[in-house]
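# Descriptive structure summary
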Amino acid sequence: METLRDKLISIIKTLPEDRLQLILNFINQMNQPNYQPEDFDELQMELEQ
């Protein structure tokens, strides 16, 4: 049975580098004390471009 970790790794392997960088930047931003839930909307908009 494929684990959630395995699924995530397979998804990450298929992402273009620029999309992966957007996601990593967003994760880093979420770890900041001033993170706002609205920031997620910004990530969605960037990923749709």
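Thresholds, definitions, all that
- Residues numbered from 1 in each chain as written.
- Predicted model: local features only at pLDDT ≥ 70, side-chain atom pairs only at ≥ 80, totals over all residues.
- Heavy atoms only, no water.
- pLDDT = per-residue confidence, 0-100.
- Helix = DSSP H or I, 4+ residues; strand = E, 2+ residues; numbered from the N terminus.
- Contact = heavy atoms within 4.5 Å.
- Buried < 20%, exposed > 50% of the residue type's maximum accessible area, 1.4 Å probe, protein only.
- Lys, Arg positive; Asp, Glu negative; His and termini not counted.
- Salt bridge = Lys/Arg side-chain N within 4 Å of Asp/Glu carboxyl O.
- Axes fitted to C-alpha atoms, helices over the stretch in contact; angles between N-to-C directions.
- Parallel < 35°, antiparallel > 145°, perpendicular 65-115°, else oblique.
- Nonpolar A, V, L, I, M, F, W, Y, C, P; charged D, E, K, R; others polar.

Attention shifts here to the confidence of the model for the protein. Summary statistics for the protein give a mean pLDDT of 85 and a share of 100% for residues scoring 70 or more. Model confidence for the protein, summarised as mean pLDDT per element, is weakest for helix H3 (residues 39–48) at 78 and strongest for helix H1 (residues 4–14) at 92.

One can find Phe40 in helix H3. Through-space distance from the C-alpha of Phe40 to that of Met30 is 8.9 Å; in sequence the pair is ten residues apart. Not counting residues within four places of it along the chain, the set of residues in contact with Phe40 comprises Phe26 and Tyr35.

Our next topic: the side chain of Arg19. Here Arg19 shows up in helix H2 (residues 17–30). No salt bridge forms around the buried Arg19; measuring N to O, its nearest opposite-charge neighbour Asp18 is 4.6 Å away. With residues up to four places along the chain from it excluded, the contact list for Arg19 reads Glu46, Leu47, Glu48 and Gln49.

Its place among the elements puts Asp6 in helix H1. For Asp6 and Gln29, which are 23 residues apart along the polypeptide, the C-alpha to C-alpha distance reads 25 Å.

Helix packing for two helices is described by the angle between their axes and how far apart those axes are. Orientation of H2 relative to H3, taken along the N-to-C sense of each, is 175°, at an axis distance of 10 Å. The angle between the axes of H2 and H3 places the two elements in the roughly antiparallel class. Counting all contacts with H2, which are made through Arg19, Leu22, Ile23, Phe26 and Gln29, the residues of H3 involved are Asp39, Phe40, Leu43, Glu46, Leu47 and Glu48. Considered class by class, the residues forming the contact of H2 with H3 number six nonpolar, one polar and four charged.

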